[in-house]
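Here's the letter readout for the chains.
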Amino acid sequence: MASNNGTGKPYIHCKHVVKAYTVGDHEIVALRGIDFSMQRGEMVAIVGPSGAGKSSLLNLLGGLDTPTAGQLSVGDLNLLDLKGRDRADFRLRKVGFVWQQVERNLLAHRSALRNVTLPMMMAGVGMRERNRRARELLDAVGMREHAHKRPAQLSGGQQQRVAIAVALANQPDLLLADEPTGALDRQSAEQVMDLIGRLRARYGLTILMVTHDMQMAAYADRTLTLRDGALGQDLTAASQDQPPALDADGRIQLPAAVRAHLDDAARIAVEIRPEGVLLRAEQASEDNTDLLLQDMLPGRNGLNRRRWPFRRGGRTSEERQS
Ligand SMILES: Nc1ncnc2c1ncn2[C@@H]1O[C@H](COP(=O)(O)OP(=O)(O)OP(=O)(O)O)[C@@H](O)[C@H]1O
Ligand SMILES: [Mg+2]
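Residues numbered from 1 in each chain as written. Chains lettered and ligands numbered in written order. Predicted model: local features only at pLDDT ≥ 70, side-chain atom pairs only at ≥ 80, totals over all residues.

Trainee: How would you explain the environment of valine 162 if you had to name every residue and give the values?
Mentor: For valine 162, the location among the structural elements is in helix α6 (residues 156–167). Take valine 162: there are 26 C-beta atoms within 10 Å of it, and that puts it in the buried class. Once residues within four sequence positions are removed from consideration, valine 162 is found in contact with Leu106, Ala112, Asn115, Val141, Met143 and Leu154. (Helix = DSSP H or I, 4+ residues; strand = E, 2+ residues; numbered from the N terminus. Buried ≥ 20, exposed ≤ 12 C-beta atoms within 10 Å, placed from the backbone. Contact = placed C-beta atoms within 7 Å.)

Trainee: Report on the site of ligand 1, specifying residues and quantitative values.
Mentor: Neighbouring residues of ligand 1: Tyr21, Val23, Ile28, Ala30, Gly48, Ser50, Gly51, Ala52, Gly53, Lys54, Ser55 and Ser56. Looking at the shell around ligand 1, the elements with two or more residues in it are β1 (12–23), β2 (26–38) and α1 (54–61). With three residues, α1 is the largest single contributor of residues to the shell around ligand 1. (Near = placed C-beta within 6 Å.)

Trainee: Please set out the environment of alanine 123 residue by residue, giving values where relevant.
Mentor: With respect to the helices, strands and loops of the structure, alanine 123 is situated in the loop between α4 (112–122) and α5 (127–140). Sequence separation between alanine 123 and leucine 92 is 31 residues; the distance between their C-alpha atoms is 7.0 Å. Those residues in contact with alanine 123 that lie beyond four places of it in its chain are Leu92, Arg93 and Asn170.

Trainee: Quick rundown of the packing of α4 against α5? Include the residues and the values.
Mentor: Each pair of packed helices gets described by two things: the angle between the helix axes and the distance between those axes. Two elements in contact, α4 and α5, have axes whose closest approach is 9 Å; the angle formed by their N-to-C orientations is 125°. Comparing their axes, α5 and α4 come out oblique. Note that α4 runs across α5; the crossing there is right-handed. Where α4 approaches α5, its residues Ala112, Leu113, Val116, Thr117, Met120 and Met121 are matched on the opposing element by Arg130, Asn131, Arg133, Ala134, Leu137 and Leu138. (Axes fitted to C-alpha atoms, helices over the stretch in contact; angles between N-to-C directions. Parallel < 35°, antiparallel > 145°, perpendicular 65-115°, else oblique. Left-handed = near helix turned anticlockwise from the far one by under 90°.)

Trainee: How would you summarise the packing of α4 against α6 if you had to cite specific residues and measurements?
Mentor: Following both chains from N to C, one finds α4 and α6 inclined at 25°, their axes separated by 8 Å at the closest point. Comparing the axis directions of α4 and α6 gives the class roughly parallel. In this structure, the crossing between α4 and α6 has a hand that is right-handed. Facing α4, whose interface residues are Ala112, Asn115, Val116 and Pro119, α6 presents Val162, Ala165 and Val166. Residues of the contact of α4 with α6, tallied by class, amount to six nonpolar, one polar and no charged. (Nonpolar A, V, L, I, M, F, W, Y, C, P; charged D, E, K, R; others polar.)

Trainee: Would you mind going over unusual backbone geometry in detail, with residue names and values included?
Mentor: Here the phi dihedral of glutamine 171 falls at roughly 55°; this positive angle occurs in a residue that is not glycine. With respect to the element layout, glutamine 171 can be found in the loop between α6 and β7 (174–178). The class for glutamine 171 is partly exposed, based on 15 C-beta atoms found within 10 Å.

Below, the structure is given as structure tokens:
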């Protein structure tokens, strides 16, 4: 699936990328030396806990911010060299963004159509072409018949469809999506992910998506973890393995790569959340939290919404019942 544009050179290349923010007298290091590449046409998901640096990485790749140190290139462009107008041009034409929050994606007082035409207007595209392309894009995202509605008149899933059309308005090569389905119910989220997959094929997009949801990450070719500003385990093997499932005895069957990650844990905390089950390996030592994988399973109504730690090798469900 991931072609390499014939040169073998990655489309996205990050080397030792560091991002530090200065807040008053403090320095917050959000990214601690990221090494990361993507081939043209690839789709990669990044998962990780809040504050891990996921949005910081997306902001750098989209030219919204500059790294404190390291090298960063997208296509033939070295993002550190991009200044002023060239940087603005990169943001406008080469990359499309989809955020979780509708107010960041769409202007409330403009119709869906006029939201899609706006980036083209800023890029100097003529009116006829703007309207033609906007209608084509709204058609591609299944929103043509809602073209004249404002965001408030649309459902969350419909708003994200329009947001995707806006992101693609100037025909970018790269789509950066920060929790694009985070505010959606599961059915709408799956529809949006299906749509992203279709648009990827149709327009040859390279896609980097941040998500908390392993089911959404499964749409990507690769899933990487980001924690405390550092890239960690590549979960791709896990996503290609059997998905987690409850067996007939009520045991959770996890992919082998996930089990391997839990094996060293002294204890494992389980948290039932509406969006899925969180498994957290806890070490006996001081740094006792190892956030492993979020949202491994869809919420199941029959389970108690409570949190409990259990010991590995503890009693089986049969023993507990006896
Ligand atoms: N503009 C900023 N100024 C100062 N600190 C920031 C800024 N943006 C992010 N940070 C800090 O950098 C770290 C990484 O933040 P970032 O927003 O990249 O995390 P994230 O993984 O996207 O989290 P979330 O899942 O909550 O969106 C956090 O400690 C955050 O507080
Ligand atoms: Mg974020």
